[in-house]
Amino acid sequence: MDKSKRFFLKSKRSFRRRLPPIQSGDRINYRNMSLISRFISEQGKILSRRVNRLTLKQQRLITIAIKQARILSLLPFLNNNEKQFERGESTVRTIGLRTRNK
């Protein structure tokens, strides 16, 4: 099939336009926790623009609002429910033939 004819083929997938995540009446502010929490992952990371489907200006404002909320202790910097990096009191490491308690 020619390349020129490919553009005129209709896609068989149905396309439903998604609603924008931020309506015109929503104010992007560090105090608006219900809005801000939609753009943070479970781990506490700020989601990317592609995932959020935001404009560049909206993403910048969301990022600034999240950082302000973190500084004012409205949001945690990390959202780890499990303490993954906490070690027990004595961990045993094997180095070559020796065993060392740390």
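Keep in mind that what you see is a predicted model, and the values were worked out from it rather than measured.

### Structural notes on the nonpolar core
As a rule of thumb, nonpolar side chains are buried together in soluble globular proteins.
Phase 1 of the analysis: Core analysis: the largest hydrophobic core is formed by 11 residues, namely Ile22, Leu35, Ile36, Phe39, Ile40, Leu54, Ile62, Ala65, Ile66, Ala69 and Leu75.
Phase 2 of the analysis: At the level of elements, helix 2 (33-36) and helix 4 (56-71) are the ones that each hand at least two residues to this core.
Phase 3 of the analysis: Ranked by the residues each element gives to this core, the list is headed by helix 4, at four residues.
Phase 4 of the analysis: Setting aside residues up to four positions removed in sequence, Ala69 forms contacts with Tyr30, Leu74 and Leu75.

### With respect to the side chain of Gln59
Phase 1 of the analysis: Within the secondary structure, Gln59 sits in helix 4.
Phase 2 of the analysis: Within the structure, Gln59 has its side chain in polar contact with the side chain of Asn52 (distance 3.1 Å).
Phase 3 of the analysis: Sequence-distant contacts of Gln59, defined by excluding residues within four places in its chain, comprise Ile46, Leu47, Ser48, Arg49, Asn52 and Leu54.

### Brief notes about the environment of Ile22
Phase 1 of the analysis: Assignment of secondary structure puts Ile22 in the loop between helix 1 (3-6) and helix 2.
Phase 2 of the analysis: Among the residues examined, Ile22 registers a relative accessible area of 7% and is labelled buried.
Phase 3 of the analysis: Sequence separation of Ile22 and Leu54 is 32 residues, and the distance between their C-alpha atoms is 7.8 Å.
Phase 4 of the analysis: Excluding its chain neighbours within four sequence positions, the residues that come into contact with Ile22 are Ile28, Leu35, Phe39, Leu54, Gln58 and Ile62.

Each value, and the rule that gives it
- Residues numbered from 1 in each chain as written.
- Predicted model: local features only at pLDDT ≥ 70, side-chain atom pairs only at ≥ 80, totals over all residues.
- Heavy atoms only, no water.
- Core = buried A, V, L, I, M, F, W, Y, C linked by side-chain atoms within 4.5 Å.
- Buried < 20%, exposed > 50% of the residue type's maximum accessible area, 1.4 Å probe, protein only.
- Helix = DSSP H or I, 4+ residues; strand = E, 2+ residues; numbered from the N terminus.
- Contact = heavy atoms within 4.5 Å.
- Polar contact = N/O pair within 3.5 Å; in protein donor to acceptor, adjacent residues only side chain to side chain.

In short, the description is geometric, and any link to function would need to be established separately.
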